[in-house]
Amino acid sequence: MPSELVSVAHRTVDVDGVEVFYREAGPPGAPVVLLPHGYPSSSFQYRTLMPVLGDRWRLVAPDFPGFGYSETPERDRFDYSFAGYARLLERFAEVLGLHRYALYLFDYGSQAGLQLAVKHPERIAALVIQNGDAYADTLGPKYAALREYWADPTPERRAALAEAVTERGLREEVIGEVPQHMAELISPDLWELSWPVLGRSPNREIMVDLFADIKNSVDRFPEYQAYLRGAQPPSLIVWGPHDGYMPEESARAYLTDLPEAELHVLKDAGHWALETHLHEIAGLMREFLGRVHP
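Notes on the structure follow. Counting from 1, residues in each chain are numbered in the order their sequence is written. Totals for whole chains, interfaces and linings use every residue, but because this is a predicted model, local features are given only for residues with pLDDT of at least 70 and side-chain atom pairs only at 80 or more, for both listing and counting. For side-chain calculations, the full set of non-hydrogen atoms in the structure is used, while hydrogens and water are omitted.

**A few points about the packing of aromatic side chains**
Consideration 1: Pairing of aromatic rings covers Phe, Tyr and Trp, the last counted by its six-membered ring, and requires centre-to-centre distances within 6.5 Å; plane angles under 30 degrees mean stacked, over 60 mean edge-to-face, and any other angle means tilted. Summed over the entire model, instances satisfying the criterion amount to 16 aromatic pairs.
Consideration 2: When the ring of Tyr39 is compared with that of Phe211, the centres are 5.5 Å apart and the planes differ by 80°; the resulting orientation is edge-to-face. A residue pair is termed long-range when its members are at least 10 positions apart, and Tyr39 in the loop between β3 (32–34) and α1 (49–53) and Phe211 in helix α10 (residues 203–219) qualify at 172 residues.
Consideration 3: Seen in terms of ring centroids, Phe82 and Tyr108 are 4.9 Å apart; in terms of plane orientation they differ by 85°. Their pairing is edge-to-face. Residue Phe82 is located in helix α2 (residues 82–95), and its partner Tyr108 is located in helix α3 (residues 107–119); the two are separated by 26 residues in the primary sequence. Every helix listed is a DSSP run of H or I at least four residues long, and every strand listed is a run of E at least two residues long, numbered separately from the N terminus.

**Section: the environment of Asp219**
Consideration 1: Mapping Asp219 onto the fold places it in helix α10.
Consideration 2: Residues Asp219 and Tyr135, 84 residues apart in the sequence, show an inter-C-alpha distance of 10.0 Å.

**Brief notes about the pairing of strand β4 (residues 58–62)**
Consideration 1: Only protein chains enter the accessibility calculation, which uses a 1.4 Å probe; a residue is then buried when its area is under 20% of its type maximum, exposed when over 50%, and partly exposed in between. The buried fraction of β4 is high, at five of five residues.
Consideration 2: Burial along β4 is two-sided: the residues Arg58, Val60 and Pro62 and Leu59 and Ala61 are all buried.
Consideration 3: The pairing criterion is simple: DSSP has to find at least two bridges between the two strands. Bridge count between strand β2 (residues 18–25) and β4: four bridges; the pairing is antiparallel. Within β4, the position partnered with Glu24 by the bridge is Val60.

These figures come from the coordinates and say nothing about function on their own.
Right, here's the structure in full:
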């Protein structure tokens, strides 16, 4: 670990008419690590990782529209889908002049990130995969309500999904199945700061629409797997197994297409492993990136 933590800058940039907020740490000329975030948080989730890696890498973490501090444009100005977020991530990197980077794949960010990698495999120096799914046969039990809605999208089932976009629902998304001694290490800011943003209109409706759009990502899993199998990007897999959406089997499934990947299952960690296992993950990333993206 560095002897001193690096400061994190908080900036905005215009990306095709959309004001995007992002956090940045590290030297401008250093190799880049691109950090798309998950649901229900924002670039806030990387607030502790960036200072400990910013001595050697340039870390850049944008907020997707509708999340965090980025703008929430009207629907006629932005496509609130994973394909839309993938295009935004692509253009965000281009506007900032980021042409090659290690990509952190986590939760919703993994779906946008994998679409970006499929489109521009030449830009991907390495992957860090942390609780981001790409294999349909290993999806966890928490996908049950989503599968029911995808099979029969009735108003009643949509209303049930909307109940997850509440302060209580966001809390459950974050601490979920994590053991109590680990849950105590997870900052409530992850849901308390997210709820005022996601709970207002039209953001809440956008979040429910994204639940429905997860099916389109699942349908693209074979495409993601083909990319991994063909490109063989250097990959570090770091996983929190206490995850109702993506259990340990979801991590091991990557080895089918990435047999040379480095896999670490963090025994007591859950979905939000950076909150509880920062030093372990940062240490693994430092050693891995030092080899493949120095």
